[in-house]
Amino acid sequence: MPHLPLLIPHFYTKDLKATIEFYTTKLGFTHVPEANPEFDNDHAILYMGGPTQMTSLAHIMFYAFPTKFNPTAEFSTGDFTIKLDEGEEKGKVVVDEWVEKWSKAGVEVVMPAEDRPWKIRSAILKDNNGHAIMPFYCLHD
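Basis of the calculations
- Residues numbered from 1 in each chain as written.
- Predicted model: local features only at pLDDT ≥ 70, side-chain atom pairs only at ≥ 80, totals over all residues.
- Heavy atoms only, no water.
- Helix = DSSP H or I, 4+ residues; strand = E, 2+ residues; numbered from the N terminus.
- Pairing = 2+ DSSP bridges.
- Axes fitted to C-alpha atoms, helices over the stretch in contact; angles between N-to-C directions.
- 1 Å grid on protein atoms, 1.4 Å probe; cavity = no way out; pocket = protein on both sides within 12 Å on 5 of 7 lines; lining within 4 Å.
- Points joined across faces, edges and corners; volume = space filled by probe spheres on them.
- Phe/Tyr/Trp six-rings, centres within 6.5 Å; stacked < 30°, edge-to-face > 60°.
- Lys NZ or Arg CZ within 6 Å of the ring centre and 35° of its normal.
- Polar contact = N/O pair within 3.5 Å; in protein donor to acceptor, adjacent residues only side chain to side chain.
- Contact = heavy atoms within 4.5 Å.

Chemist: Is there a simple way to explain unusual backbone geometry in this structure?
Modeler: Of all residues except glycine, most have a negative phi; of all peptide bonds, most are trans. Unlike most non-glycine residues, Lys119 shows phi in positive territory, near 65 degrees. With respect to the secondary-structure elements, Lys119 resides in the loop between strand E6 (108–116) and strand E7 (120–126).

Chemist: Mind showing me how you'd approach the sheet that holds strand E2 (residues 30–32) here?
Modeler: Sheet strands line up and pair through hydrogen bonds in the backbone, either parallel or antiparallel. An order of E1-E4-E3-E2 is seen for the 4 strands of this open sheet, with the pairing classed as mixed. In this open sheet, the two strands that pair with only one neighbour each are strand E1 (10–13) and E2. Pairs of neighbouring strands in the sheet enclose a mean axial angle of 35 degrees, with direction left out of account. The sheet contact formed by E1 and strand E4 (residues 58–64) spans 4 bridges and is parallel. Each bridged residue has a counterpart across the sheet, and for Phe11 the counterpart in E4 is Phe62.

Chemist: Is there a simple way to explain the layout of surface pockets in this structure?
Modeler: To locate leftover empty space, one rolls a probe as large as a water molecule over the atoms. Counted as a void, the largest pocket has a volume near 560 Å³. In terms of lining, the largest pocket is formed by 21 residues, of which the most central are Leu57, Ala58, Thr81, Ile82 and Lys83. Sorting elements by how many residues they give to the lining of the largest pocket places strand E5 (residues 79–83) first, with 4 residues.

Chemist: Which parts of the structure should I look at to understand the packing of aromatic side chains?
Modeler: Aromatic ring pairs are described here by two measures, namely the spacing of the ring centres and the angle between the planes. Applying the stated criterion across every chain yields a total of 8 aromatic pairs. A network of ring pairs unites the aromatic residues Phe11, Phe22, Tyr23, Phe29, Phe62 and Phe80 as a single cluster. A cation sits over an aromatic face here: Lys14 above Phe75, 4.5 Å from the ring centre.

Chemist: Is there a simple way to explain the side chain of Asp127 in this structure?
Modeler: When you line up the elements, Asp127 lands in the loop between E7 and strand E8 (132–138). Within the structure, the side chain of Asp127 is placed 2.6 Å from the side chain of Tyr23, a separation counted as a polar contact. Within the structure, the side chain of Asp127 is placed 2.9 Å from the backbone nitrogen of His131, a separation counted as a polar contact. Those residues in contact with Asp127 that lie beyond four places of it in its chain are Phe22, Tyr23, Phe62 and Ile133.

Chemist: What is the right way to look at the pairing of E6 in this model?
Modeler: Along any regular strand the residues' side chains alternate between the sheet's two faces. One ladder, built from 6 bridges, connects E6 with E7; its direction is antiparallel. In the sheet register, Glu108 faces E7, and the bridge partner there is Lys126. Following E6, the chain reverses through 3 residues before pairing antiparallel with E7; Lys119 in that reversal takes a positive phi of roughly 65 degrees.

Pasting the structure below:
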């Protein structure tokens with residue numbers, strides 16, 4: 001199987017520092033400091049799920065809004081999913097555990113964890129910008 005490229009979603013934020021704090025302190029992401037300090041107030045790269053940015057498969061990039069990279073952009077919210085897979089022994093309870101951890105950290109839970117008809121267990125949370133976060137686990141037959 002060929003190696004697939006890493007997909008990194010880009011979102012806008014009206015408060016970059018608050019977003020970095022939200023994702024690092026509440027959700028457990030790691031912030032990658034910019035090599036060029038000139039860009040520190042423009043964007044942030046955050047990752048989760050690996051010991052380093054290069055080994056992680058979960059990346060998000062936030063741009064301060066309004067952004068000089070796309071001056072015609074309009075602020076909007078988006079959503080993303082996080083596939084949770086900590087082994088068959090844990091199963092679908094992994095979603096409940098993460099949602100409980102994030103909820104205790106102050107993350108807003110919009111829809112609690114439950115089994116969905118399309119064979120996933122998922123929940124929906126919101127970040128400090130209004131972006132929806134959906135952790136999920138694939139249910140097996």
